[in-house]
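Here is what each chain is made of, one letter per residue.
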Amino acid sequence: MLEADLHKQLRDFSLDLKIQAKPAEILVLMGENGAGKSTVLNLLSGLLTPDAGSIRLNGKSLFKSTFGVSVPVEARNIGYVLQNSTAFPHLSVSENVAYGMKARHMHKDRIAEHVDKWMELVDIRNLADIKAGKLSGGQKQRVAIARALAIEPDLLMLDEPFTALDADSTTTLKRHLRTYVRDLQIPCILVTHRLTDTQDIGDAACTITRGTINWQEHPCNLPDPGAVKWI
Amino acid sequence: MTVSFLEPKNYRRTLTTIGAIVLIASVTLYLVLPVVALFFRTTPELFFSSLCDPAVTSALWLSLFTSVISLGIVILVGTPFAYVHSRNTYPGKMIVDTLIDLPLVLPPAVAGMALLVLYGRVGLIGKYLNMFGITLAFTTVAVIMAQIFVASPFYLRQAKSLFEQLDPSYEQTARTLGASSIRVFATITLPLTASGLVSGAVMTFGRALGEFGATIMFAGNLPGVTQTMPLAVYVGLEGNNFNIGLTISILLVIISFTIMIAVRFLASREVRHARSRSP
């Protein structure tokens, strides 16, 4: 369960919002460019520090301004696929997927087993030994997703993860994401521009405008596109 | 139908082509001819016999030794400096940026004078070092200090710009995957900037190897101690030992040319991982 109360003064506006994501739930954040969606993910991951507020994940406090608690990025165990995030180009596909596990000093055999599993799941096993710099945009994106999933995170965050993928890969990946989030009972936050993504895999959705949430509902109750300015 | 060069349209085109050829050829020849002339002034026999001259071997080994040490120090200190400098915003950052480029525009003789005034036996710091029996000026250490002063901006500028241009999402992703800052630096930042860093290092080595003005001012010209290859060329001419000067000059040309080829090769291999958007 993720509970966050975030306050951050940005250049043009102040970001003030509360979000909650339950285990096995995919929360979709929508909004126009510059609304603060990626900033929310950066604050949750620890890449940015909120001015005030708190972040709790599975009962553990990751950030609490009043007590001066701030768990460093590398210790949060959050799988985060950044916007335009590509695979590390100088490493092979399998080394990319193994990166997080090596950083955790996992045993070599276990790493190999996990790498195989995740490469199989996102259909990149045949690319295992190829340097990621030589892959297509869609393949790189799949590597980035496998790499984030392989660390078995407590929270999964994906920033526009389907933009570089073709229709078939998107459908397959959405199905796998759904299964993964449900099987491991972890919360997932997905930032997207596309309403179809929200309808396909979202359990909850909200729109962000200039740093505040102005609509929050189940995706089946998505407002009329005319009612929300950016849609 | 025959095409006449005297027709206004063809006439102008021919003139433009001839003008371009003359311009390119004259600039290239002006830069290359003096270097080529060095090779025509000697014979292979003379060149190889002069190579065995103690003055040549001593200058060659001293130059290589001091340049390698200088390069090592520049890399060891300069890489973390450039990384910390490029990753942080602090008051006076722009001033530091300008100051580290200063040795590039400073005449080397002035650099040597500045080092002498600071570290010489009666220099601002040198006089205190002298109390403890430490003398820097006119020693091999002074050669290294002069080389570092003059050549380090080549590496610092390159490293700084590479770290600034690297897409931050690579490092950020690595951190979210659980890697410590040091691990991120070693496994992501360094490999992604390696070819650029190596080409900066090669340029620095080349500049250190050719250092003359600051060295002669601050380190002097003692054979076997501070007489590097460029200084030995000067001594060769001064002491009417033209062949020694010529041989060392040719050696320096060969080394410089190899360095240039290496830099071009590394630059062509360099994979771009620059940021595609503002952070």
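Reading the values: the criteria
- Residues numbered from 1 in each chain as written.
- Chains lettered and ligands numbered in written order.
- Predicted model: local features only at pLDDT ≥ 70, side-chain atom pairs only at ≥ 80, totals over all residues.
- Heavy atoms only, no water.
- Phe/Tyr/Trp six-rings, centres within 6.5 Å; stacked < 30°, edge-to-face > 60°.
- Helix = DSSP H or I, 4+ residues; strand = E, 2+ residues; numbered from the N terminus.
- Buried < 20%, exposed > 50% of the residue type's maximum accessible area, 1.4 Å probe, protein only.
- Lys NZ or Arg CZ within 6 Å of the ring centre and 35° of its normal.
- Contact = heavy atoms within 4.5 Å.
- Pairing = 2+ DSSP bridges.
- Buried area = accessible area lost by both parts, 1.4 Å probe.
- Salt bridge = Lys/Arg side-chain N within 4 Å of Asp/Glu carboxyl O.
- Polar contact = N/O pair within 3.5 Å; in protein donor to acceptor, adjacent residues only side chain to side chain.
- Nonpolar A, V, L, I, M, F, W, Y, C, P; charged D, E, K, R; others polar.

### Some details on the packing of aromatic side chains
Consideration 1: Counted according to the given criterion, the structure contains eight aromatic pairs over all chains.
Consideration 2: Between the aromatic rings of F47 of chain B and F48 of chain B, the centroid separation amounts to 5.2 Å while the plane-to-plane angle is 75 degrees, which identifies the pairing as edge-to-face.
Consideration 3: Note on Y83 of chain B and F185 of chain B: the rings are 4.7 Å apart at their centroids and 65 degrees apart in plane angle, and the pair reads as edge-to-face. Pair noted here: Y83 of chain B is in helix α3 (residues 54-87) and F185 of chain B is in helix α9 (residues 181-209), with a separation of 102 residues, a long-range link. For the pair Y83 of chain B and F185 of chain B, one class covers both residues: buried.
Consideration 4: An aromatic cluster of three or more residues is present, and its members are Y83, F163 and F185 of chain B.
Consideration 5: The aromatic ring of F88 of chain A is capped on one face by R147 of chain A, whose charged end is 4.2 Å from the ring centroid.

### Let's talk about the side chain of T170 of chain A
Consideration 1: The residue T170 of chain A is located in helix α5 (residues 167-184) in this model.
Consideration 2: Contacts of T170 of chain A, omitting those with residues within four sequence positions, involve F162, L165 and R194 of chain A.

### So, the sheet that holds strand β1 (residues 2-9) of chain A
Residues and elements named next belong to chain A.
Consideration 1: The five strands lie next to each other as β2-β1-β4-β5-β6, forming an open sheet whose pairing is antiparallel. Every interior strand has two partners, whereas the edge strands, β2 (14-21) and β6 (69-70), have only one.
Consideration 2: Judged from the four bridges that link them, strand β4 (residues 52-57) and strand β5 (residues 60-64) form a sheet pairing that is antiparallel. Its bridge partner being in β5, R56 is matched across the sheet by S61.

### Remarks on the interface of chain B and chain A
Consideration 1: Contact residues are listed per partner, giving 19 residues for chain B and 24 residues for chain A.
Consideration 2: At the boundary of chain B with chain A, total buried surface from both sides reaches about 1900 Å², with 60% on carbon and sulfur atoms.
Consideration 3: Contact with chain A buries surface across chain B, with R175, T176 and L177 of chain B losing the most and accounting together for 35% of the total.
Consideration 4: Note that E74 of chain A is salt-bridged to R175 of chain B, the shortest N-O span being 2.7 Å.
Consideration 5: At the boundary of chain B with chain A, the tally comes to five residue pairs in polar contact (both at pLDDT 80 or more).
Consideration 6: When residues of the side of chain B that touches chain A are traced back to their parent elements, those giving at least two are α8 (168-176) and α9 of chain B.
Consideration 7: Of all the elements, α8 of chain B adds the most residues to the side of chain B that touches chain A, at seven residues.
Consideration 8: Per-class residue counts for the side of chain B that touches chain A are eight nonpolar, eight polar and three charged.

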